[in-house]
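Each chain is listed here by its residues.
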Amino acid sequence: MHHQHVIVFGSINMDLVTKTNRLPIPGETLLGQSFSTVPGGKGANQAVAVARLGVPTTMVGRVGKDSFGEQLLTSLQSAGVCTKDVFLDESHSSGIAVITVDDQSENQIIVIPGVNGQVNEEDVERLTHQLSGASALLLQFEVPIAAVQLAAQAARKTGVRVILDPAPITCELPIELYSLVDIITPNAIEVEQLVGFRVEDPETAAQAAHLLRQRGVNTVVIKLGAQGAFCATIDDTFFIPAIAVDAVDTVAAGDAFNGGLAAALAEGLSIRQAVVWGAAAGALTATKPGAQSSLPNRAIFDTFLCKNGYS
Ligand code: RIB
């Protein structure tokens with residue numbers, strides 16, 4: 001099958017992951033169960049998620065000239081992601097994320113951006129050479145928002161669909177950014193930060209989506225984790241219930257969702273099918289530990305869809 005390619009502009013982190021029975025309270029010392037380093041970063045995870053589903057993918061971002069940087073590039077490349085536009089920055093360290101996961105599969109994440117914080121218009125310039133003929137540009141907020149906005153503008157100029165995962169939200173979004181976005185994909189926490197009220201079910205999701213559409217976004221997909229996903233487009237609203245799984249670690253489940261969504265659209269599927277793919281990729285990812293280590297390949301993904309009545 002001929003695919004349009006997908007471009008991801010964003011962060012690349014090494015995840016430093018500890019497993020504990022429960023998350024510590026402030027001031028408390030706990031004895032944990034294990035420690036591992038796993039390639040992650042919301043940008044890189046989304047790139048690997050798309051590539052593992054068989055869609056040609058290019059990553060644009062930065063790694064440091066350190067051992068994490070090398071491992072991060074290798075992880076992207078072994079998933080089939082093109083890394084020729086990942087800049088090796090000699091003057092800053094690779095990004096890291098300090099992650100704690102407990103027995104209930106709850107997690108806490110602190111990101112130290114490192115070189116991701118240096119991403120700027122030079123990276124956007126490299127991106128513009130990749131845009132022609134692309135199906136989508138995937139964006140998140142682990143690189144400076146000014147660069148994200150420039151990237152969105154460049155994609156809009158070329159007619160490439162912009163899919164924004166507004167994670168994490170660290171400041172108010174510039175109002176001009178909304179109208180550059182084709183699809184925004186907040187989770188429950190992020191959508192509450194964006195609209196100022198709690199979103200916990202399809203009804204409140206519909207109200208939030210309405211508001212975000214009024215701000216200029218074309219399509220709103222709200223990721224409600226184990227509940228499912230709500231979607232509002234210009235002429236349709238629908239809810240896709242989650243496929244129930246035994247979750248062990250939800251790290252990168254949101255990234256897998258965006259990867260699944262983008263892969264489906266690159267294959268020419270409808271937005272409804274794309275939300276199904278997103279929800280399925282997110283669910284499968286929650287069944288395995290770690291970020292890039294947990295993202296499904298196409299064979300596993302197809303079997304899972306089929307087993308759950310989607311084919
Ligand atoms: O979304 C999960 C990711 O968030 C992790 O891989 C970590 O690097 C942080 O960026």
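Residues numbered from 1 in each chain as written. Predicted model: local features only at pLDDT ≥ 70, side-chain atom pairs only at ≥ 80, totals over all residues. Heavy atoms only, no water.

Q: Before we move on, can you summarise the site of the ligand with the specific residues and values?
A: Taken together, Asn13, Asp15, Gly40, Gly41, Lys42, Asn45, Ala97, Val111, Glu142, Ala252, Asp255 and Ala291 are the residues near the ligand. Between the ligand and Asp15, the relevant distance is 2.5 Å, taken from an oxygen atom to a side-chain nitrogen or oxygen of the residue. For the ligand, an oxygen atom lies 2.7 Å from a polar atom in the side chain of Asp255. Summarising the interface, the protein chains cover 96% of the accessible area of the ligand, which totals 280 Å² for the free molecule. (Near = heavy atom within 4 Å. Polar contact = N/O pair within 3.5 Å; in protein donor to acceptor, adjacent residues only side chain to side chain. Areas by Shrake-Rupley, 256 points an atom, 1.4 Å probe, with all protein chains shown as cover.)

Q: Quick one: what's the story with the sheet that holds strand β7 (residues 107-112), residue by residue and with numbers?
A: Strand order in the open sheet formed by 4 strands is β3-β2-β6-β7, with mixed pairing between adjacent strands. Both edges of this open sheet fall to β3 (34-40) and β7, since each of them pairs with a single strand only. In this sheet, adjacent strand axes meet at a mean angle of 20° when their direction is disregarded. With 7 bridges connecting them, strand β2 (residues 13-19) and β3 associate as antiparallel partners. Residue Met14 lies in a different strand from β3, and its bridge partner there is Pro39. Packing against the sheet, helix α2 (residues 67-78) makes contact with β2, β3 and β6 (95-101), and its axis sits at approximately 95° to β2. (Pairing = 2+ DSSP bridges. Helix = DSSP H or I, 4+ residues; strand = E, 2+ residues; numbered from the N terminus. Axes fitted to C-alpha atoms, helices over the stretch in contact; angles between N-to-C directions. Contact = heavy atoms within 4.5 Å.)

Q: Report on the pattern of salt bridges, specifying residues and quantitative values.
A: In the structure shown here, the tally under the stated rule is 11 salt bridges. Between Asp89 and Arg62 there is a salt bridge, with the nearest N and O atoms lying 3.0 Å from each other. Here the residue Asp89 occupies a position in strand β5 (residues 86-89), and Arg62 occupies one in strand β4 (residues 57-64), the gap between them amounting to 27 residues. Summarising the burial analysis for this pair, Asp89 and Arg62 share the class buried. (Salt bridge = Lys/Arg side-chain N within 4 Å of Asp/Glu carboxyl O. Buried < 20%, exposed > 50% of the residue type's maximum accessible area, 1.4 Å probe, protein only.)

Q: Before we move on, can you summarise unusual backbone geometry with the specific residues and values?
A: Most peptide bonds adopt trans geometry, and most residues besides glycine take a negative phi value. Of note, the bond from Ala167 into Pro168 is cis; its omega dihedral lies within 30 degrees of zero at -10°. Positive phi is not limited to glycine here, since Ser105 has a value of about 65°. By the element assignment, Ser105 lies in the loop between β6 and β7. Even without a glycine there, the phi angle at Ala252 is positive, about 75°. Following the sequence through the fold, Ala252 ends up in the loop between β13 (237-241) and α8 (253-266).

Q: I'd like to hear about the packing of helix α6 (residues 188-195) against helix α7 (residues 202-214), residue by residue, with values.
A: Closest axis-to-axis distance for the α6/α7 pair is 10 Å, and the angle between their directions is 55°. Of the possible angle classes, the one that applies to α6 and α7 is oblique. Seen along the crossing, α6 lies across α7 with a hand that is left-handed. Here α6 contributes Val191, Leu194 and Val195 to the contact with α7, which in turn contributes Ala208, Leu211 and Leu212. Counted by class, the contact of α6 with α7 contains 6 nonpolar, no polar and no charged residues. (Parallel < 35°, antiparallel > 145°, perpendicular 65-115°, else oblique. Left-handed = near helix turned anticlockwise from the far one by under 90°. Nonpolar A, V, L, I, M, F, W, Y, C, P; charged D, E, K, R; others polar.)

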